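Each chain is listed here by its residues.
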Amino acid sequence: MSTNRQYLLITDYTLVLMPTVSYGKFTLEIPVRVKLFIDGEEVSSSKGKTFTRENPAHFDQTIAVVEEASTDDLNKAIDSAREVFDKDKYGWVTNYRQRLRILYKTAEILREEADRIAVTVALENGMPIRQARAHVLAAAEVFEFYAGLADKVYGDSIVLSNGNVSLIFKEPVGVVAAVSPWNFPMTQAARKIAPALATGCTVIWKPASYTPMSAMEIYRALARAGLPKGVVSVIYGPGATVGNDLVKHPKVDYVSFTGETTTGKLIMQQAAAGVKRIGLELGGKNPGAVFDDASIEETVRAIVFGGLRNAGQACGAISRVLVHESVHEKLVNRLAEVAKDLVIGYPLDDNTDMGPLVSKAQEEKVLGYIDFGKKAGFKVALDGGKLSGGIYDKGYFVSPVIFDNVDPRSRLAQEEIFGPVIAVIPFRTEQEAIEIANSVIYGLTASIFTKDPAKALRVARKLQAGTVWINDAYTQPTEGIWGGYKQSGIGRELGLYGLEEFLEIKQVYVDTTGSLDRPHWRTVMKIDKL
Ligand code: NAD
């Protein structure tokens, strides 16, 4: 237990002299010691190096001390993953029933412990507790879904016209490097780890440094579920060093990455050296197109949920609202009203709708865009920004800002901000809406709001986005898919497609004739003479 005694906040806003954080029946002693998880053991850094994570809602408070992986630690993690995979240790690669049971058990543990784990997620990420609980349950569902697929990885067989047989085997791709972001720390990791394990791969996972405790919850759940040693190892440290060394490691077969597009490009370059397969889930600048016949109230709710969930720190967030000129004013006014009413406060308060941003760097980035929008002279439909006074002085609290009549070519409408900033852009025609929607480098999600199903489908077909919602936003069925067009990524997560990413396909050609005389052999040798 820490001796670092300091003033800490608990949910009823009283100050206590205890190194703990409390929510309901849960009390967390801080700072939490987060260890590396290598070859089935929780271990310290072999170089004795650690880093800390502060509470984004109370930055004087250190909530975690995390072991940083050295090169030796990384090599040990990779060697153990390699050995399990290459030697089929514990029958990991072949025994899919074992994998199925472990994945189900992991889902069960995460679900049973969701209320407790949500406190950790809220604390380190800044995500409001109501969202954090749903987030943990969503991660549990991903493990459950892929548990159900572990015994359904079927190949194919083709009886050829020459009477022979071509067998198509689906095999695990091998040792997977999983690199994940902080914004949805559990689901983003689950979408990599669960399908990788379902297929029989082994995994080395590097979580984001802002959310080390969520990662610990997942590796502990896996360990409790009976995961054999070395199947999953978890290493912490900076992306530029530890993450980079992991993805370029020659013993890694596949890189599954979620993060910024700029980082994704670096990873692609590193993977190219080893011609490694990659899956990239990258940024977004997602449009929500509101047509003149849309239900304004329903649309506004969808935009507030889609755009401001997790303080807008969401890859699939609606950050551009394209609105038909005839309903423009009505929509913007109502959107501003509803967004203004959001309760911004401590993540561990049930009333909080929006917590702090994840870090100082993120706050500076978001405030920089707000400043840019104001200096550029865009109309401010809802004025917000850095909050101060009381609890706000100690956290990265930024209230929503809505800019209106934004030039679709401006930085505000083109670049991913990753915060509670929405750019409204009016349009006149369906074609214009489509052109503006597609005018960015990204193509992750889009929403269409209209009562006309034919129009909705016509527009959906023309939008360059991996997911298009009609009269909804940010709903992500586990059975569906997630991934982006253009610079939003390569490959797909979730659903059946998310499993395929971790599979290699092998053909085994079987001669059934037993004949020494095959017509195609005669092109090289005259068989009659032999
Ligand atoms: P990031 O790119 O900064 O970091 C993501 C992860 O990569 C972290 O674990 C980081 O330590 C690691 N990393 C950084 N540099 C690296 C390098 N050179 N080599 C290897 N690893 C490296 O992203 P972030 O700030 O953690 O997350 C926010 C971004 O993630 C946003 O752009 C968001 O849109 C995107 N995102 C995308 C999806 C999706 O599904 N498409 C989901 C969530 C987040």
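Residues take numbers from 1 onward in each chain, read along the sequence in its written order. Confidence filtering applies because this is a predicted model: local features only for residues at pLDDT of at least 70, side-chain atom pairs given and counted only at 80 or more, and all residues used for totals across whole chains, interfaces and linings. The basis for every side-chain value is the complete set of heavy atoms in the structure, and neither hydrogens nor water enter the calculation.

### A look at the site of the ligand
Okay, step 1: If you check the shell around the ligand, you find 27 residues, and the closest are Ser180, Thr263, Leu282, Glu416 and Trp482.
Okay, step 2: Nitrogen and oxygen atoms within 3.5 Å of one another constitute a polar contact, given that in protein one can donate a hydrogen and the other can accept it, and given that sequence-neighbouring residues count only through two side-chain atoms. Here an oxygen atom of the ligand and a side-chain polar atom of Trp182 are 2.9 Å apart.
Okay, step 3: For the ligand, an oxygen atom lies 2.7 Å from a polar atom in the side chain of Thr263.
Okay, step 4: Using a 1.4 Å probe, accessible areas were evaluated by the Shrake-Rupley method; residue-level cover was limited to the displayed protein chains. Contact with the protein chains hides 91% of the accessible area of the ligand, taken as 850 Å² for the molecule alone.
Okay, step 5: Taking a 2 Å distance to the grid points as the criterion, the majority of the atoms of the ligand fall inside the largest pocket. Any residue with at least one heavy atom within 4 Å of a molecule or strand is counted as near it. Cavities and pockets are defined on a 1 Å grid built over the protein atoms alone: a cavity is a set of grid points where a 1.4 Å probe fits but cannot escape, while a pocket is an open set with protein on both sides within 12 Å along at least five of seven lines, and lining residues are those with an atom within 4 Å of any such point. A molecule is counted as occupying a cavity or pocket when more than half of its atoms fall within 2 Å of that pocket's grid points.

### What about the domain arrangement of the protein chain?
Okay, step 1: Each domain of the protein chain was delimited in the assignment, giving domain 1 (71-282 + 495-506) and domain 2 (286-470).
Okay, step 2: For the purposes of this description, domain bounds are those given by an automatic or database domain assignment. The straight-line distance from the C-alpha centre of domain 1 to that of domain 2 is 31 Å.
Okay, step 3: Simply put, the buried area is the total loss of 1.4 Å probe accessible area from both parts when two parts are fitted together. Roughly 1,700 Å² is buried in total at the junction of domain 1 and domain 2, and carbon and sulfur atoms are behind 56% of that figure.
Okay, step 4: When the buried area of domain 1 at its contact with domain 2 is split by residue, Arg130, Trp182 and Phe184 rank highest and sum to 28% of it.
Okay, step 5: A pair is scored as a salt bridge if a Lys or Arg side-chain nitrogen falls within 4 Å of a carboxyl oxygen belonging to Asp or Glu. Applying the counting criterion to the domain 1 and domain 2 interface returns one salt bridge.
Okay, step 6: Its salt-bridge partner being Asp353, residue Arg130 comes within 3.0 Å of it at the nearest N-O pair.
Okay, step 7: Linking domain 1 with domain 2 are nine residue pairs in polar contact (both at pLDDT 80 or more), by the criterion used here.
Okay, step 8: Helix numbering and strand numbering both begin at the N terminus, where a helix is a DSSP run of H or I of at least 4 residues and a strand a DSSP run of E of at least 2. Sorting the residues of the side of domain 1 that touches domain 2 by element identifies helix H3 (114-125) and helix H4 (129-149) as the ones contributing at least two each.
Okay, step 9: When its residues are assigned to classes, the side of domain 1 that touches domain 2 shows 10 nonpolar, five polar and three charged. Side-chain classes are defined by residue name, with Ala, Val, Leu, Ile, Met, Phe, Trp, Tyr, Cys and Pro counting as nonpolar, Asp, Glu, Lys and Arg as charged, and the others, Gly among them, as polar.

### As for the packing of helix H2 (residues 96-112) against helix H6 (residues 212-224)
Okay, step 1: Only the stretch in contact is used when a helix axis is fitted, and all axes are lines through C-alpha atoms; the angle between N-to-C directions ranges over 0 to 180 degrees. Contact pair H2 / H6: the axes reach a minimum separation of 8 Å and the direction vectors enclose 130°. Comparing the axis directions of H2 and H6 gives the class oblique. Where H2 crosses over H6, the handedness of that crossing is right-handed. Taking contact as the criterion, the partners of Thr106, Ile109 and Leu110 in H2 are, on H6, Glu217, Ala221, Leu222 and Arg224.
Okay, step 2: Of the residues assigned to the contact of H2 with H6, the class counts are four nonpolar, one polar and two charged. Comment on the angle field: the value is read as roughly parallel under 35 degrees, roughly antiparallel over 145, roughly perpendicular from 65 to 115, and oblique elsewhere. If you view the pair so one helix is near and one far, a crossing is left-handed when the near helix is turned anticlockwise from the far one by less than a right angle, and right-handed when it is turned clockwise. A contact between two residues is defined here by any heavy atoms of the two lying within 4.5 Å.

### Brief notes about the sheet that holds strand E22 (residues 401-404)
Sheet strands pair by backbone hydrogen bonding; their relative direction is either parallel or antiparallel.
Okay, step 1: Pairing is mixed in the open sheet, where seven strands are placed in the order E19-E22-E23-E18-E17-E25-E26. Unpaired on one side and paired on the other, strand E19 (379-382) and strand E26 (467-470) mark the two borders of the sheet. Across the sheet, the mean angle separating the axes of adjacent strands is 25° when strand polarity is ignored.
Okay, step 2: Any two strands with at least two DSSP bridges between them are considered paired. Across three bridges, strand E17 (residues 286-290) lies against strand E25 (residues 445-449) in parallel orientation. Counterpart to Ala289 in the pairing with E25 is Ile448.
Okay, step 3: Sheet strands in contact with helix H9 (residues 296-308) are E17, strand E18 (318-324), strand E23 (421-427) and E25, and its direction is about 155° off that of E18.

### Some remarks on H6
Okay, step 1: Expected span of a helix: the number of residues minus one, times 1.5 Å. In this model, H6 (13 residues) spans 18 Å end to end at C-alpha, consistent with the 18 Å of a helix rising 1.5 Å per residue.
Okay, step 2: For the exposure calls, accessible area comes from a 1.4 Å probe over protein chains only, and a residue counts as buried if that area is under 20% of its type's maximum, exposed if over 50%, partly exposed in between. Of all 13 residues that make up H6, 10 are buried, and the element is covered over most of its length.
Okay, step 3: Gly226 sits one or two positions beyond H6 and adopts a positive phi of about 100°.

### What to know about the sheet that holds strand E9 (residues 58-67)
Okay, step 1: Taken in spatial order, the three strands of this open sheet run E5-E9-E8, and their pairing is mixed. The strands lining the two open edges of the sheet, one partner per strand, are strand E5 (32-34) and strand E8 (50-55). Going across the sheet, the axis of each strand differs from the next one's by a mean of 35°, ignoring polarity.
Okay, step 2: Relative to E9, E5 runs parallel, the two being bridged by three bridges. Residue Val34 lies in a different strand from E9, and its bridge partner there is Val66.
Okay, step 3: Each of E5, E8 and E9 touches H6; the most contacted strand, E5, lies at about 65° to it.

### Focus on helix H11 (residues 360-375)
Okay, step 1: Taking 1.5 Å per residue as the helical rise, H11 with its 16 residues ought to reach 22 Å, and the 22 Å between its terminal C-alpha atoms agrees with that figure.
Okay, step 2: Restricting attention to buried positions, one finds in H11 the residues Gln362, Glu363, Val366, Tyr369, Ile370 and Gly373. Down the axis of H11, the buried set is contained in an arc of 130°. They therefore lie on one face.
Okay, step 3: The secondary structure elements touched by the buried residues of H11 are strand E20 (385-386), strand E21 (398-399), E22, helix H12 (411-414) and E23. In this context, the arc is that of the directions from the helix axis out to the C-beta atoms.

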